[in-house]
Amino acid sequence: MYDLIVIGGGPAGLAAACSAWDKGLRSILIVERDQELGGILNQCIHSGFGLQYFKEELTGPEYAARFVDLLSQTGVEVRLDTMVLDITPQREVHMVGKTTGYRVEQARAIVLAMGCRERTRGAISIPGTRPAGVFTAGAAQRYVNVEGYLPGKRVVILGSGDIGLIMARRMTLEGAKVLACVEVMPYSGGLNRNIVQCLQDFDIPLYLSHTVTDIRGKDRVEQVVVSQVGPDRKPIPGTEMIFDCDTLLLSVGLLPENELTQQAGIALDPRTRGAVVYENMETSMPGVFACGNVCHVHDLVDYVTAESQRAGAAAAAYLMEDAKHESRVIEIQNGPGVTYTVPQHIRPQRVDKSCGLFFRVNRICKDSEILVTSGDVPIARFKREHLAPGEMEHITLPRALLDKAGPTLTVSIREVN
Ligand SMILES: Cc1cc2nc3c(=O)[nH]c(=O)nc-3n(C[C@H](O)[C@H](O)[C@H](O)COP(=O)(O)OP(=O)(O)OC[C@H]3O[C@@H](n4cnc5c(N)ncnc54)[C@H](O)[C@@H]3O)c2cc1C
């Protein structure tokens, strides 16, 4: 029997385990299916990690190493090469490991930190033949940065999320020619700094409101056809451009890995595709917490760390304190301009001084006001010069304000111009 089992040894799992240890839990197990801890950070060898948390610019492996070092100073047990297959409402964790075989471990609390995976060609149904040379950007990143292979020499990238942008630069630095980055939306889904540093600095054209409408080639990709799309995102006939290339990289979205969460009967939010969580990252199943990309896709790992520390501390409090006192629940609703919020529920009596709220907007907005209303009454306003769907937003709601709020709070965006 473990006090806490953490599923996933990426930055979320590492931060949650370290924080639960700091709060006094002594019987903690991290289960990781890969051969090493660190999660997706191990293949992200570019810099840009840790600017907020460490106030330093680190590479992904360096950022992960800081937490692996911290973990080594604790008594947290780690089981690598071990995949969790199932969790039950009684908090039994079924797993299979290379050396340990099939095991069922009992936990008093669980942190879900399984990260996310990439959408593939099948998920977005690109027409054309089915030759070799179509990769997800993350798979290509692993080939280049971990396995030492260059997956192609003339490349088109579909999707301008951060992984696509970073791979545009990475493939160029390794000697490939990146012909274009193509984005179906009228704006990029990536961080602004990545558009500048990964595309503009290397003269790689970004085609907004365009998509790939055909893949051609028998054994290997030979051409891709790119067409402009209208406001309905449908290709406009006559706008086709043909690129002679051998590789198409897809950076078309990430999906939280929630099969275990779903199997366990935990409530999921269709917008985040992660668990619905309370202010302390607890899911609808008491004693089960979710954090990091499995809960909602983050842009910066620093936020993953902060959120996961909260989840680890809350798991410790769940076991150590009499934290099960009744509390009313405020439901957070998405108003105009907002795609999702996390947490989706806040129990004001469980909030210490303030509660952080993450959300994403559904369009690019300039000079805006983030408005929080209780019923029809505005109770907080936050000014922002720039909001973009690719960048996660964060506001902090003080406890005093939550105490006064009604049963629902709505977050919306109003452009002031
Ligand atoms: C290409 C790319 C570039 C990025 N660039 C930046 C950047 O420049 N700056 C920045 O701050 N952030 C960046 N990020 C974001 C940051 O890396 C992620 O937000 C962060 O890694 C998410 O952490 P996580 O622990 O939630 O998920 P992950 O890192 O994905 O870790 C999840 C772990 O869970 C394990 N797992 C999953 N299912 C199971 C199971 N059933 N059993 C056992 N183990 C399991 C996985 O093997 C994995 O190790 C980037 C991300 C990517 C993909």
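Chemist: An account of the site of the ligand is requested, with residue identities and associated values reported.
Modeler: The immediate surroundings of the ligand are formed by 33 residues, with Ala12, Glu32, Ile40, Asn293 and Val301 found nearest. Here an oxygen atom of the ligand and a side-chain polar atom of arginine 33 are 3.0 Å apart. Valine 84 places a main-chain nitrogen or oxygen 3.0 Å from a nitrogen atom of the ligand. Considered on its own, the ligand offers 1000 Å² of accessible surface; in the complex 94% of this is hidden by protein. Elements supplying a minimum of two residues to the shell around the ligand: α1 (11-22), β3 (47-49), β6 (82-87), α5 (162-173) and α8 (301-320). Taken together, the residues of the shell around the ligand sort by class into 18 nonpolar, 10 polar and five charged. Composition of the shell around the ligand by domain shows at least three residues from each of domain 1 (1-117 + 254-323) and domain 2 (120-252).

Chemist: So what's going on with the pattern of salt bridges? Which residues, and what values?
Modeler: Following the criterion strictly, the structure yields 19 salt bridges and no others. Across the salt bridge formed by arginine 79 and glutamate 77, the nearest N and O atoms sit 3.7 Å from each other. Among the residues examined, arginine 79 registers a relative accessible area of 11% and is labelled buried. Of the charged contacts, one joins arginine 142 and glutamate 147 as a salt bridge, the two residues approaching to 3.2 Å between their closest N and O atoms. Among the residues examined, glutamate 147 registers a relative accessible area of 41% and is labelled partly exposed. Taken together, the shared-partner salt bridges in this structure form one network comprising Arg33, Arg117, Glu257 and Glu259.

Chemist: Explain the domain arrangement of the protein chain to me, and be specific about the residues and the numbers.
Modeler: One can read the domain layout of the protein chain as domain 1 (1-117 + 254-323), domain 2 (120-252) and domain 3 (325-417). For domain 2 and domain 3, the distance between their C-alpha centroids amounts to 35 Å. The partner domain 3 presents six residues to the four residues of domain 2 that form the contact. Carbon and sulfur atoms make up 61% of the area that domain 2 and domain 3 hide from each other, which totals about 400 Å².

Chemist: Lay out the packing of helix α4 (residues 137-147) against α5 with the relevant residues and their values.
Modeler: Where α4 meets α5, the axes come as close as 9 Å, and the angle between the chain directions of the two elements is 35°. α4 and α5 meet at a crossing whose hand is left-handed. Contact residues: α4 offers Ala137, Gly138, Ala140, Gln141, Val144 and Asn145, while α5 offers Ile163, Gly164, Ile166, Met167, Arg170 and Met171. Residues belonging to the contact of α4 with α5 are distributed by class as follows: seven nonpolar, four polar and one charged.

What counts and what doesn't
Residues numbered from 1 in each chain as written. Predicted model: local features only at pLDDT ≥ 70, side-chain atom pairs only at ≥ 80, totals over all residues. Heavy atoms only, no water. Near = heavy atom within 4 Å. Polar contact = N/O pair within 3.5 Å; in protein donor to acceptor, adjacent residues only side chain to side chain. Areas by Shrake-Rupley, 256 points an atom, 1.4 Å probe, with all protein chains shown as cover. Helix = DSSP H or I, 4+ residues; strand = E, 2+ residues; numbered from the N terminus. Nonpolar A, V, L, I, M, F, W, Y, C, P; charged D, E, K, R; others polar. Domains from an automatic or database assignment. Salt bridge = Lys/Arg side-chain N within 4 Å of Asp/Glu carboxyl O. Buried < 20%, exposed > 50% of the residue type's maximum accessible area, 1.4 Å probe, protein only. Contact = heavy atoms within 4.5 Å. Buried area = accessible area lost by both parts, 1.4 Å probe. Axes fitted to C-alpha atoms, helices over the stretch in contact; angles between N-to-C directions. Left-handed = near helix turned anticlockwise from the far one by under 90°.

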